[in-house]
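# Secondary and tertiary structure notes
Next come the chains, spelled out residue by residue.
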Amino acid sequence: MRDRSLPVLLLLALAAVLLVLRLLNAPATTSDDPSTPVQPTAMAVDAFGMPVEGFSVFESTVRRNETFSDLLTPFGVDYERIVTLARDHRDVFDVRRLKFGRPYRVYSDSAGVGTYMIYQPSLASYVVFDLGENPAIRREERSLDVRERTVEGIIEESLYMTLIDQDIHPALANRMADVFAWQIDFSRLQKGDAFRILFEEQYVGDEFFDIGEVLAARFVHRGEDHYAFHFEKDDVDEHYDENGQSLRKAFLIAPVEYKRISSGFTQRRYHPVQKRYKAHLGTDYAANTGTPILATGDGTVTEARYGQYNGNYVKIRHNGTYTTQYLHMSKIKSGIRPGTRVKQGQVIGFVGSTGLATGPHVCYRFWKNGEQVDHRREKIPSVGPIPDAYRPAFSALRETYEVRLKKPITPSLDRRYAELLQTPTALTSP
Ligand SMILES: [Zn+2]
């Protein structure tokens, strides 16, 4: 028995040693033996976390009017699965919302059949479609890398151009117009206006994604300094001026002390004078003749005259976003003419029934981004000063930024270089 069992034990020991050696070497020798299972930890994945080996990847962008089914049928994806994805996973992603120009990629197996699809609604997120036997959709977010930047300049043409000259994304111009909407009309900037902006840029990897927050800014408009400081804590997320007053201002709810609303905003109503159905894109406030009509916000008068239908009326442009109009006045207040700057609550005229009107009232009209809207349904920001509890923190933040903002503003290097090139002495005729 002992004579026979020894070689068997030796063989078993040898086999065990070989097995251990085999396992130790496994990662380096997987490919030569097809039966060796692929180890998950060694599997290579791409930027979307998808397996690289065994798939061929087709990349493109969504063309105009192209549907989800259009994208997948060339890859032999079973029509039933396409329908299932479109129908049963709408809560995760609605395939009817594929956007023209956005990138997508299809992963096909060795037989050329589409197995996964990735669609990128934005640089910061992507959608994974599993086209296998159990079709599924999931959304993934990519992390944004935030970098702080400072830009300064003196405006020659527009803020937009000044930013482009310095290789800054022009979305920053829109962001600035939002921040200072109530202080500065960005469509009426002047040559010589100057700015310094501390802001954030968002990146996905090394690719620019978007302009982030305007952290602090100084804008010199017509020789006057305007400051903005972004303060964010708990529920507060606002831009304040150097005194801690919010830069956003609310409108007055109504332009007049009224008795009742005689007609609301509607796309369709029976007109009492014209005796037909038509839209009423305003709110009628009934009040006694002669009651003062107030500007609902700071702004500049653009129209103040008589019109056949509107009667005596005044139109005020508040900023790049909002415009208001006040109709049927018995009289426009003296001094109110195109170009007049008005303050919120300032009297601009008096209630009457001039033009097409049945009784004394103000027809108040409200435009947002060029479109007439029901101002009573608009969420108009109403913000007070920084809450007392945050005063010390705000002051500290303001002081840090102020040091950087108050330094003299110089034209950008690019601009100075361009000016140098434009001077006659620098030009050489061919
Ligand atoms: Zn009206």
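Treat the numbers as computed from the prediction; the structure is a model and nothing was measured.

### With respect to the overall build of the protein
- For the protein, the helix and strand inventory stands at 7 helices and 22 strands.
- Buried residues in the protein amount to 26% of all 430 residues.
- When contacts within the protein are restricted to residue pairs at least 6 apart in sequence, long-range pairs at least 24 apart make up 61% of them.

### A short note on the nonpolar core
- Among the nonpolar cores identified, the biggest contains 31 residues, and M176, I197, V214, A217 and A228 are the most heavily contacted of them.
- Only α4 (159-165), α5 (171-179), β7 (194-204), β8 (207-221), β9 (224-233) and α6 (391-405) provide two or more residues apiece to this core.
- For this core, the leading source of residues is β8, giving 6 residues.
- Residue contacts for A228: discarding those within four places in its chain leaves V179, F180, V214, A216, A217, H239, D241 and L247.
- By size, the runner-up hydrophobic cluster in this structure holds 23 residues, among which are I293, I316, Y326 and C363.

### Thoughts on the sheet that holds β9
- A sheet is described by the order of its strands in space; here 5 strands give the open sequence β6-β7-β8-β9-β10, paired in antiparallel fashion. Every other strand in the sheet has two partners, leaving β6 (145-154) and β10 (236-240) as the edge strands with one partner each. The sheet shows a mean angle of 25° between the axes of neighbouring strands, taken without regard to direction.
- In this sheet, β10 lies alongside β9 in antiparallel orientation, the contact comprising 5 bridges. Note that in β10 the partner of E232 across the bridge is D237.

### Examining the sheet that holds strand β2 (residues 103-108)
- Read across the sheet, 5 strands follow the order β1-β2-β3-β4-β5 without closing on themselves; strand pairing throughout is antiparallel. Bordering the open sheet on either side are β1 (56-61) and β5 (136-141), each of which pairs with just one other strand. Strand-to-strand twist of the sheet, defined as the mean angle between neighbouring strand axes without regard to direction, takes the value 20°.
- Across 5 bridges, the pairing between β2 and strand β3 (residues 114-122) is antiparallel. For V106, the partnering residue across the bridge sits in β3 and is M117.

### Let's talk about the confidence of the model for the protein
- Per-chain confidence: the protein averages 84 in pLDDT, with 84% of residues scoring 70 or above.
- Segment residues 1-6: pLDDT under 50, and 0 contacts once partners within four positions in sequence are set aside and those in other chains are kept.
- Across residues 424-430, where pLDDT falls below 50, the model places 2 contacts with residues more than four positions away in sequence or in other chains.

### A short note on unusual backbone geometry
- Even without a glycine there, the phi angle at D167 is positive, about 65°.
- Secondary-structure assignment places D167 in the loop between α4 and α5.
- Of the residues examined, D167 has 9 C-beta atoms within 10 Å and is grouped as exposed.
- Of note, H328 is a non-glycine position whose phi angle comes to about 65°, a positive value.
- Secondary-structure assignment places H328 in strand β18 (residues 322-332).

### Re the pairing of β7
- Pairing of β6 with β7, which is carried by 10 bridges, proceeds in the antiparallel orientation. Its bridge partner lying in β7, V146 is registered against Q202.
- Taken together, β7 and the strand that follows it, β8, pair antiparallel across an intervening segment of 2 residues, in which G205 is found at a positive phi of about 65°.

Cut-offs applied
- Here the residue index of a chain counts from 1 through its sequence in written order.
- Given that this is a predicted model, residues contribute local features only at a pLDDT of at least 70 and side-chain atom pairs are listed and counted only at 80 or more, while totals for whole chains, interfaces and linings are drawn from all residues.
- For helices the rule is a DSSP run of H or I covering at least 4 residues; for strands it is a run of E covering at least 2, with both sets numbered from the N terminus onward.
- Around each residue's C-beta, the other C-beta atoms within 10 Å are counted; 20 or more make the residue buried, 12 or fewer make it exposed, and counts in between make it partly exposed. All C-beta atoms are placed from the backbone.
- Contact between two residues is assigned whenever their backbone-derived C-beta positions fall within 7 Å.
- Take the buried Ala, Val, Leu, Ile, Met, Phe, Trp, Tyr and Cys residues, join any whose C-beta atoms are within 7 Å, and the set you get is a nonpolar core.
- Any two strands with at least two DSSP bridges between them are considered paired.
- Fitting a line to C-alpha atoms yields each axis, with helices limited to the stretch in contact; the angle taken between N-to-C directions then spans 0 to 180 degrees.
- The predictor attaches a confidence to each residue, and that confidence, scored 0 to 100, is pLDDT.

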